[in-house]
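A structural walkthrough
Residues per chain are reported as follows:
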Amino acid sequence: MIRVLLAFLAALIALPLSAQDTMPPAPYAYNQLDDPALEAKATALMHTLRCLKCQSQSIADSDAPMAGDMRHQVRSRILAGESPAQIRAWLVARYGDYVSYTPTVSASTWPLFAIPALLILIVAAVLLRRLGRRRADAGDAS
Amino acid sequence: MIAEIGLAALWLAAALAVLQMVSGALALRSAEGEANPLAIYARPAAVMQALLAGLAFAMLVWAFAVTDLSVKLVAANSHSMKPMIYKLTGTWGNHEGSMLLWVGVLALSGGLIALFERRLPERTMGATLAVQGFVALGFYAFLLLSSNPFERLPVPAIEGSGLNPLLQDIGLAFHPPTLYAGYVGLSVAFSLAMGALLTREVNPTFARVMRPWVLGAWVLLTFGITAGSYWAYYELGWGGWWFWDPVENASLMPWLAATALLHSVAVLAARDALRTWTIMLGVLAFSMSMLGTFLVRSGVLTSVHAFAVDPERGAFILVLLGLYIGGAFTIFALRAGAVAEGKRFSFSSREGALVFNNVMLSAILAIVLLGTLYPLVTEAFDVRVSVGPPYFNPASAMFAIPMFLVMAVGPLLRWKEDSPRRIRFEVLLLAVILIGVIGLVSFFGQFALLPLLGLGLAAALGVAAFLPLRGRKLTRVPVATWGMVLAHFGIAVSLFGMASEGAFTQERLAAVAPGGSDQVGDYTFTLQSVNPVAGPNWTAIEARIAVSRDGGTPVILTPQARNFWSPAQSTSESALLTRWDGQLYAVIGNQAADGRWQIRMWWKPFVTFIWYGGLLIALGGVLSIIGRVRVDMKRRKAVSLGDERRADLEALGTAPVPAE
């Protein structure tokens, strides 16, 4: 239900758009690139870009017209020889950090990286405390 | 009348929750071994409350079944033309109905434990029921004060607005009820943990009482998540099965906590160790359930700002959340010092491995929690960030990989203390399999690191799952051990499915004219025709696609693009061809201006193993419950038999002795 409910909300948002959307989808919205290597590159990138009109879906998982347009952009730019990083940067410049599912370290996202690092330390400390000392105790006892 | 009966039942149930809370709390004030005269009401109150909440839920189902359009909820979410099954399942396909289901399951679990649990000391039982009543009361208040499912319309609607078409699927019959039963089943673990903590009765008896509840809730959660994942996979039309979406994470977090809890409870039951851990995980697991409910039910996920504009419901749950979680952890902090940690053990022992994995599970839980809540936090400050698979996958793998490695050898270790040298053959064997598979797969192609590791780990774990059976007589292995073997094997199967889907999926998007063909993987597909079809509340275009593998006999797939008219919405119904080694996934899209049709095809090798694995895990849990309960029954029978014999002997002893 979970995902489906969300998709429902997304569809609600997309509905008025699709009603007005009489334009045919862009050529690369639903067509693959001929070169499998380039297509694989494009697909990998598309799975990490957010569909802005949807709720929690990547542009590779959405029927929203805007996701189709963005897929077209990604595929045609890959074909033109741009690197995935360049395309991501272009999209981020246009739509903000929100469009990218890959957070990068910045003033607003550093805790996403600092906390896991801290977590590793905590985990190590907990394990040492709980298991390490026991071993020392056992050593003392023997 | 129906709706009023339901509402009255709900109010009465809420009143009984107060009685249960007060009466249960009074049990705490009675002296050891003595029963407080007012404490006897807790059990009957809990049982009666379960019946009343069940009645309220049945009344709502009835209102949906007959499409009573004078009830606001029915008018807003149902439609007289809907097939009966979706009328019934539509009861919980909305906010109020699903909260009523939630509360109903909460009352039911409280009633069951009140009815059947006789092993705990009365004081602990009283405290447990008091906590259960306290939790239930909060959610009754939430339902009655802010989300009344039985509200009437001043003027009955002429026709209902219908149910979201995506929910008009058999998935709605299984996924929410099992998931909710799992979520809320954890409330018993929570109440028991608080009861034991308040009365300082954290011991193996308590763990044996708690275990079937934890296992049961965990089985239901596992099944619910598996069903939900498969539902999203076939319903959304793009072949994805897990999206790290906040709502999915909301169900994953209680599962992670419950997994850690059930292992910790096993240690407490078998070895009387890890007492505070078990209590903490018990509190954590249900806290995650409540947090999940808050995330899903408050509207905070749609937009933090929408939540801020209309905060009534969200704020209500948030207050409940603060009250229960805050309260529980406060009591935990105050009392944990008084509970001794229990028996000691060394690092290389089964307990050691279980502790290691519990810590890893908790760390994964922390990562998921962080990734889910962080975007909400920044959004409140008008900074929007997205956290998706590129973050969750590596961050959780960081802890999951060591966990899987320890999981492979943990069950081979002995309790308390063991020498790693004793199992060096097994370790060596698993290392060879792991490295061998990774080497072999990367020899044949270029794959991403995580799927590659996943394939290697799956192979090693698949073998490791059965190693605990080595050298044992299979007919004499306890049922619970089979449960463990099966569940661990299920993890390997599921992991294999995920890695294989990630590494080997082939995709083909093509515009095909009727009569035209294309190719995906080993399959050739031909679009034979596209025809209009109609259902009870939808019309659709249906493609007939003939697919054949390596030129074999063709099979017809019929994906549809459906248009529902109430509410007006379109969905794509994918068509699946299931083979033992994977699934072919077909979707029909729009027609292009030149008359060709958009066809999307995927060949997903072994993708079904993801859900087979999930089912195996759940089945392992069921076996474990059966095994544990059987052993417990036997033990109880033996104890009562012994008591009888002793009583007989005593009776004999006092019998008149014949003179001389």
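Residues numbered from 1 in each chain as written. Chains lettered and ligands numbered in written order. Predicted model: local features only at pLDDT ≥ 70, side-chain atom pairs only at ≥ 80, totals over all residues.

**Examining the overall build of chain A**
When you go through chain A residue by residue, the secondary structure sums to five helices and zero strands. When its helices and strands are written in sequence order, chain A yields α-α-α-α-α. Contacts in chain A between residues at least 24 apart in sequence constitute 59% of all its contacts with a sequence separation of at least 6. (Helix = DSSP H or I, 4+ residues; strand = E, 2+ residues; numbered from the N terminus. Contact = placed C-beta atoms within 7 Å.)

**Considerations on the overall build of chain B**
In terms of helices and strands, chain B carries 18 helices and 10 strands. Its C-alpha atoms give chain B a radius of gyration of 28 Å, within 12% of the compact-globule value 26 Å for 660 residues. The C-alpha extent of chain B, read off along each of the three principal axes, is 110 × 75 × 60 Å. With 660 residues in all, chain B has 53% of them scored as buried. Here the analysis covers contacts within chain B between residues at least 6 apart in sequence; of these, 75% occur between residues at least 24 apart. (Rg over C-alpha atoms; globule rule 2.2 N^0.38 Å. Buried ≥ 20, exposed ≤ 12 C-beta atoms within 10 Å, placed from the backbone.)

**As for the interface of chain B and chain A**
Counting from both sides, the interface comprises 52 residues of chain B and, opposite them, 43 residues of chain A. Within the residue set of the side of chain B that touches chain A, elements represented by two or more residues are α7 (171-198), α8 (204-235), α9 (246-271), α13 (350-380), α14 (389-409) and β1 (506-512) of chain B. Classifying every residue of the side of chain B that touches chain A gives 32 nonpolar, 14 polar and six charged. (Nonpolar A, V, L, I, M, F, W, Y, C, P; charged D, E, K, R; others polar.)

**Some thoughts on the packing of helix α2 (residues 42-65) of chain B against helix α5 (residues 95-116) of chain B**
Residue and element names in this part refer to chain B. Two numbers describe how α2 lies on α5: the axes approach to 8 Å, and their chain directions differ by 150°. With respect to their mutual orientation, α2 and α5 come out roughly antiparallel. For the pair α2 and α5, the sense of crossing is left-handed. Two secondary-structure elements touch here, α2 through R43, A46, V47, Q49, A50, A53, G54, A56, F57 and L60 and α5 through G97, L100, L101, V103, G104, A107, L108, G110, G111, A114 and L115. Class assignment of the residues belonging to the contact of α2 with α5 gives a composition of 14 nonpolar, six polar and one charged. (Axes fitted to C-alpha atoms, helices over the stretch in contact; angles between N-to-C directions. Parallel < 35°, antiparallel > 145°, perpendicular 65-115°, else oblique. Left-handed = near helix turned anticlockwise from the far one by under 90°.)

**Section: the nonpolar core**
Formed by 197 residues in total, the largest nonpolar core has its most connected members in A13, A189, V214, A257, A258 and L461 of chain B. Looking at this core, the element that brings in the most residues is α8 of chain B, giving 19 residues. Counting 27 residues, the second largest nonpolar core, distinct from the first, contains Y28 of chain A together with Y523, V547 and A575 of chain B. (Core = buried A, V, L, I, M, F, W, Y, C linked by C-beta atoms within 7 Å.)

**Describing the confidence of the model for chain A**
All names here are of chain A. When pLDDT is averaged across chain A, the result is 78; 76% of the residues are at 70 or more. Within chain A, the lowest mean pLDDT, 50, falls on helix α1 (residues 2-20), and the highest, 91, falls on helix α4 (residues 84-95). Segment residues 134-142 is flagged for pLDDT under 50; beyond a separation of four residues in sequence, or across chains, it makes eight contacts in the model. (pLDDT = per-residue confidence, 0-100.)

**Side note on the environment of H488 of chain B**
Residues and elements named next belong to chain B. Along the chain, H488 turns up in helix α17 (residues 479-504). Overall, H488 belongs to the buried group, with 24 C-beta atoms counted inside 10 Å. Taking C-alpha positions, H488 is 8.1 Å from G620, a pair spaced 132 residues apart along the chain. Those residues in contact with H488 that sit more than four places away from it in its chain are M407, L461 and A465.

**Regarding the domain arrangement of chain B**
All names here are of chain B. Per the domain assignment, the segments of chain B are domain 1 (1-164), domain 2 (419-504 + 609-652) and domain 3 (506-605). Facing seven residues of domain 1, the contacting portion of domain 3 comprises four residues. Per-class residue counts for the side of domain 1 that touches domain 3 are two nonpolar, four polar and one charged. (Domains from an automatic or database assignment.)

**With respect to the packing of α7 of chain B against helix α10 (residues 275-297) of chain B**
Residues and elements named next belong to chain B. Look at α7 against α10: their axes get within 8 Å of each other, and the N-to-C directions meet at 140°. By crossing handedness, the relation of α7 to α10 is classed as left-handed. Contacts between α7 and α10 pair Y183, V184, L186, S187, A189, F190, L192, A193, A196 and L197 from the former with I279, G282, V283, A285, F286, S289 and G292 from the latter. Residue composition of the contact of α7 with α10, grouped by class: 13 nonpolar, four polar and no charged.

**Regarding the pairing of strand β4 (residues 538-549) of chain B**
Residue and element names in this part refer to chain B. Here strand β3 (residues 523-534) runs beside β4; their pairing, made up of 11 bridges, is antiparallel. When the sheet's bridge partners are listed, V530 is paired in β4 with A543. Taken together, β3 and the strand that follows it, β4, pair antiparallel across an intervening segment of three residues. By the bridge criterion, five bridges tie β4 to strand β6 (residues 560-565) in an arrangement that is antiparallel. Looking across to β6, one finds that T539 is bridged to N563. In the sheet, β4 pairs with strand β5 (residues 555-557) via three bridges, with the strands oriented antiparallel. What sits directly across from V547, in β5, is V555. Linking β4 to β5, which pair antiparallel, is a turn of five residues; within it D550 sits at a positive phi near 45°. (Pairing = 2+ DSSP bridges.)

**Points about the sheet that holds strand β8 (residues 575-579) of chain B**
Residue and element names in this part refer to chain B. In spatial order, the strands read β1-β10-β9-β8; together these four strands make up an open sheet with antiparallel pairing. The two strands at the open ends of the sheet, each matched to only one other strand, are β1 and β8. Strand-to-strand twist of the sheet, defined as the mean angle between neighbouring strand axes without regard to direction, takes the value 15°. Of the pairings in the sheet, the one linking β8 to strand β9 (residues 582-591) comprises five bridges and is antiparallel in character. Bridge pairing in β9 links T578 to Q583.

**A look at α9 of chain B**
Residue and element names in this part refer to chain B. Here α9 spans 37 Å end to end across 26 residues, near enough to the 38 Å set by a 1.5 Å rise per residue. Counted residue by residue, α9 has 24 buried out of 26 residues, so it is predominantly covered. A positive phi of about 55° marks D272, the residue just after α9. (Expected span 1.5 Å × (residues − 1).)

**Quick word on α2 of chain B**
Between the first and last C-alpha of α2 of chain B there are 34 Å, a value that for 24 residues agrees with the 34 Å anticipated at 1.5 Å per step. Note on α2 of chain B: the residue one or two positions beyond its end, T67 of chain B, has a positive phi of about 50°.

**Focus on unusual backbone geometry**
All names here are of chain B. Positive phi outside glycine occurs at R200, with the angle close to 55°. For R200, the position within the fold is in the loop between α7 and α8. The phi dihedral of W244 falls on the positive side, at around 55°, and the residue is not glycine. Along the chain, the position of W244 falls in the loop between α8 and α9.

**Some thoughts on the pairing of β3 of chain B**
Residue and element names in this part refer to chain B. By the bridge criterion, four bridges tie strand β2 (residues 517-520) to β3 in an arrangement that is antiparallel. Note that in β3 the partner of Q519 across the bridge is T524. Two successive antiparallel strands, β2 and β3, enclose a turn made up of two residues, where G521 displays a positive phi of approximately 55°.

**Here's the deal with the environment of K416 of chain B**
Residues and elements named next belong to chain B. If you trace the backbone, K416 turns up in the loop between α14 and α15 (424-444). Each C-alpha atom, one on K416 and one on A273, is 9.8 Å from the other, the two residues being 143 residues apart in sequence. Excluding its chain neighbours within four sequence positions, the residues that come into contact with K416 are F345 and S349.

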